[in-house]
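Summary of the model geometry
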Amino acid sequence: MSIDALVHHAAAAARRVAAAAAAIGLLATALPAAAAMPDVQQWTTDNGARVMFIEAHEIPAVNVQMTFAAGSARDGEHPGIAHLASDLLMSGTADMDADALARAYENEGAEVSTGAARDMGWVEFRSLSEDEHLQPVARTVARMTAAPAFPDAEIERVRSQQKTSLENKAQSPGDLARRAFWKAAYGDHPYAHEPLGTPDSLDATTRADLQAFHDRYYVARNANLAIVGDLTRERAQALAETLTGPLAAGKPAPALPPVPKLEHDRTIHQPFPSTQAHVLIGRPAIARGYERWPALYVANHVLGGGGFSSRLMTEVREKRGLVYGVYSYVSPMAAAGPFIIGLQTRGDQTDQAVGIVRKEFDRFYDEGPTTDEVDDAVKNIAGGFPLRIDSNADLSGYLSMMGFYGLPTDYLSRFRNEVREVDATAAHAAFADAVGQRPRVTVIVGGDRADSGHQGGQGAQ
Amino acid sequence: MQKYAARLLALTMCLWAGNALAASGVSEFELDNGMKVLVREDHRAPVVVSQVWYGVGSVDEHRGITGVSHVLEHMMFKGTGAHGPGEFSEIIARNGGKDNAFTSHDYTAYYQQIAADELETCLRLEADRMTGLTLAPEQFQREVGVVREERRQRIEDQPRSLTYERMRAAAFPASTARQPVIGWSADLEALTAQDVRDWYEQWYAPNNAVLVVVGDVDPQQVLALARKHFGDKKPIDLPRRVASTEVEPRGETRVKVHAAAKLPYLAMGWRVPSLTTVDDPADAYALDVLAGILDGGRSARIERNVVRGREIAASAGAGYSPMARTDELFTIGGTPAQGRDIDTLEQALRAEVERLKEGDIGAAELDRVKTNVRASDVFQRDSMYYQAMRMGMLETIGVGQDAYERYQEGVQQVTAADVRRVAQRYLTDERLTVAQLVPDGVDGNAPRRGAGEGPIGGDTIVD
């Protein structure tokens, strides 16, 4: 995040789109060179939380991610409650208010945050690794996570903040496109709804609802812990007990229902006064643990996941200059996550760009990648392996994903080895099997404003 | 919600936290042709970050060609006599690496991240495009189309970015610091391949370049590789980099920006010195600490008082980045909470500034800021890319690698009286520009605004 923020601020202009999608696509590419393969240790805490740990002594710091199956897929009758519950963790405990919590962390130089997505809710922090800093931070994180006070005034404030976030999304054509895509592609599945809920659903959510949500999902047996940093195994084990000790044992969240099949093609066109149209094309694909994931990953790399060398980038940007960015990704989730192609282009170019993308999608489905394309993709993914795990922050992200989705500790090296074995036939077959072709959802939002940024009588200079 | 202005100094200035590393930890060399080479060893993984920085950016441009530095950055991937369009990136990708580039007000930089034993591949390719660029007109036409899409994506359809752009343009009435890095729309429409070629020939040469390498390398070997690939490049006579000075501030400037939006948004900027324009660096250190008191986390004053306490902002923040060749902006901004209006938010945020000038600043607040500066330094050592960024910035803005140490020490020396002093000196109404985003709604029927709601002064809207 720091780099992005810095580059965004300092540069404000760069060559490549840092699509959030790309980050999702990369989640499983961490592939250390054989020599640099980190040793992943795994155990379970006394009350049943799963832990993965990598010992890394290069800098005196520790990264921790605690995840719970407590994302918006668990919202049930209260759309938005998972995000509310997550935000309210930072609002205080019985004996510390929000100010006291913030001071407790920041006086030690620790960075602590909470968040939620569709599958998970999480608490993450990094801290200096010396006990004088780490111990008080960990104890406070543990109390905050296990026993938030949900003060009424804070509930009102955070509810109101979440409504502002909803309005913010409603003024962003990209967010509107994503919302429309999930709704159209996921029908009545718990992934379908807007994770922030609606103003009405937020108003209808009570303190008792929040407490019940927290009591059900923020429990040890629904928790997964990733620790990377300057600790011995013994200290890491003690840290894991400190962090999860106050949690009730509880029980794991139930499996999500299967994603319903799409019945027919849908194209949704939503007007919006932006100069660019935001386009998403895709369909539900696969869950984490899909056995042909390495081959699928290679296939998507060729189609639209591999940056400049990808087919979509070549056809839409490099040959025609229609977009700044175009990408595709597969996002494996607890239930079948989506395959999505995304782009943004000036409104009057939309049909042309959509036409090219659909044609490339169909051609790829029919013919698959070439042997040369697959060779290049494999070289990039396998060869780029050490880059993806060269920081503790990267590693803790991978560990967290592996632990949450129940992947084995040797997942990374296994993935790397399997990528090396992928050929064009296997990549094509995996794409056809996991992504398929139709029916599919196309969402087009915006592009309705005349593009005249330098006109309107203001061009005095 | 996205914060308006993250507090960037802690990110920008990575301050060594009293550990055993030597002064700057950087090996510095200069080739005979004037090219600088900076190397930092980091052996935690068998990888390397390689960057070539050029001392040219949007502050060097003039109206008519704004955005040319950034368009040239794009064209640097479009082929040389030796390598076809896109081939640079293809070679890096096939070798397991990734590459990209970025442009700012003060510099343009290109980077690769790759296995350490592929460093020479990067240097060979960078040397090739330092002087051998093709700049074919048809490539230019397509690529400038891409850049126009980039501008739409980053600015035109982003109400807050648009507001910030107009605020900055108003805050710097005379200097080129007002210009957006990506360029004004009309200039992007009018730019020619010849403009880009001229820019390339004027600025891209070894004596205007810095090679930065961080990773699993030996400095002497990097130097040898740099000599091998860049050593025969000829230095050129560089254009004078205009000292981008400003006119004296004469009073608060106000701007309203209408856009397709639902939420109002406030962006305030005070014109303040950067590390290179400040009389006494202590002022820059104190401004950084001041930013930390306002927005150094959830326990800082803006979050505590304006977001949580009085619930006037849904989100708000402050930022100051002293890493620039020109004066910079100390920024404060945010989005009103539900049921609050933008004027109330402005008053509340300005009241926090006034409290810094008059009220007490507790020892605990100062300690928290200083602790966080030390801790974030440790955290930033987790990223080689970040270390390289910092080295390149320090060099291209001209303060040098040792500015670090001085900065770290300086921040730790800052007192409450220093913070009050710089608040009184710099955060004055004369230096302030206020931009308010006026949401026109997003139902698509809102009238398109002309220039009628222009800022005080009438002369300050560009674009």
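Residues numbered from 1 in each chain as written. Chains lettered and ligands numbered in written order. Predicted model: local features only at pLDDT ≥ 70, side-chain atom pairs only at ≥ 80, totals over all residues.

**Notes on the overall build of chain A**
Tallying secondary structure elements over chain A gives 18 helices and 12 strands in all. A total of 461 residues make up chain A; the buried ones form 58% of that total. Looking at chain A alone, contacts between residues at least 24 apart form 83% of all its contacts between residues at least 6 apart. (Helix = DSSP H or I, 4+ residues; strand = E, 2+ residues; numbered from the N terminus. Buried ≥ 20, exposed ≤ 12 C-beta atoms within 10 Å, placed from the backbone. Contact = placed C-beta atoms within 7 Å.)

**Digging into the sheet that holds strand 10 (residues 328-336) of chain B**
Residue and element names in this part refer to chain B. Spatially, the 5 strands line up as an open sheet ordered 7-11-8-10-9, and their pairing is mixed. Two strands close off the open sheet at either side, each with one partner strand: strand 7 (253-259) and strand 9 (313-320). On average, each strand axis in the sheet is inclined to that of its neighbour by 15 degrees, with strand direction left out of account. Here strand 8 (residues 265-272) runs beside strand 11 (residues 432-439); their pairing, made up of 6 bridges, is antiparallel. If you follow Met268 over to strand 11, its bridge partner there is Val434. (Pairing = 2+ DSSP bridges. Axes fitted to C-alpha atoms, helices over the stretch in contact; angles between N-to-C directions.)

**Concerning the domain arrangement of chain B**
All names here are of chain B. When the domains of chain B are assigned, the result is domain 1 (22-230) and domain 2 (253-439). Taking only C-alpha atoms into account, the centre of domain 1 sits 28 Å from that of domain 2. On the domain 2 side, the residues contacting the 34 residues of domain 1 number 31 residues. No other element matches the 10 residues that helix 6 (residues 159-171) contributes to the side of domain 1 that touches domain 2. Looking at the side of domain 1 that touches domain 2 residue by residue, the classes come out as 18 nonpolar, 8 polar and 8 charged. (Domains from an automatic or database assignment. Nonpolar A, V, L, I, M, F, W, Y, C, P; charged D, E, K, R; others polar.)

**Topic: the sheet that holds strand 12 (residues 441-446) of chain A**
Residues and elements named next belong to chain A. What the 5 strands build is an open sheet, ordered 8-12-9-11-10; its pairing is mixed. Edge strands, defined here as strands with exactly one partner in the open sheet, are strand 8 (266-270) and strand 10 (326-330). Across this sheet, the average inter-strand angle for adjacent strands is 15 degrees, counted without regard to direction. Direction of pairing for strand 9 (residues 276-286) relative to strand 12: antiparallel, over a ladder of 6 bridges. Looking at strand 12, one finds that Val279 is bridged to Ile444. Contacts from helix 11 (residues 293-305) reach strand 10 and strand 11 (337-346) within the one sheet, and its direction differs from that of strand 10 by about 165 degrees. Against the sheet, helix 12 (residues 311-318) makes contact with strand 10 and strand 11, and its axis sits at roughly 160 degrees relative to strand 10, the strand it touches most.

**Quick notes on helix 13 (residues 363-380) of chain B**
With 18 residues, helix 13 of chain B should cover 26 Å at 1.5 Å per step; its first-to-last C-alpha distance of 26 Å lies within 8% of that length. Looking only at helix 13 of chain B, the buried set comprises Glu365, Arg368, Val369, Lys370, Asn372, Val373, Ala375, Ser376, Asp377, Val378, Phe379 and Gln380 of chain B. (Expected span 1.5 Å × (residues − 1).)

**Observations regarding the domain arrangement of chain A**
Residue and element names in this part refer to chain A. Looking at chain A, the domain boundaries give domain 1 (39-244) and domain 2 (266-446). In this structure, domain 1 and domain 2 have C-alpha centres spaced 28 Å apart. Across the contact, 28 residues belong to domain 1 and 28 residues belong to domain 2. When residues of the side of domain 1 that touches domain 2 are assigned to their parent elements, the largest contribution, 10 residues, is made by helix 7 (residues 173-186). Broken down by class, the residue content of the side of domain 1 that touches domain 2 amounts to 17 nonpolar, 7 polar and 4 charged.

**Quick word on unusual backbone geometry**
Following Arg438 of chain A, the chain continues into Pro439 of chain A via a peptide bond in cis, with omega recorded as -5 degrees. Within the element layout of this structure, Pro439 of chain A appears in the loop between helix 18 (424-434) and strand 12. Even without a glycine there, the phi angle at Phe150 of chain A is positive, about 45 degrees. Within the secondary structure layout, Phe150 of chain A lies in the loop between helix 5 (131-146) and helix 6 (152-170). Taking the number of C-beta atoms within 10 Å as the measure of exposure, Phe150 of chain A has 21 and is therefore buried. Unlike most non-glycine residues, Glu311 of chain B shows phi in positive territory, near 50 degrees.

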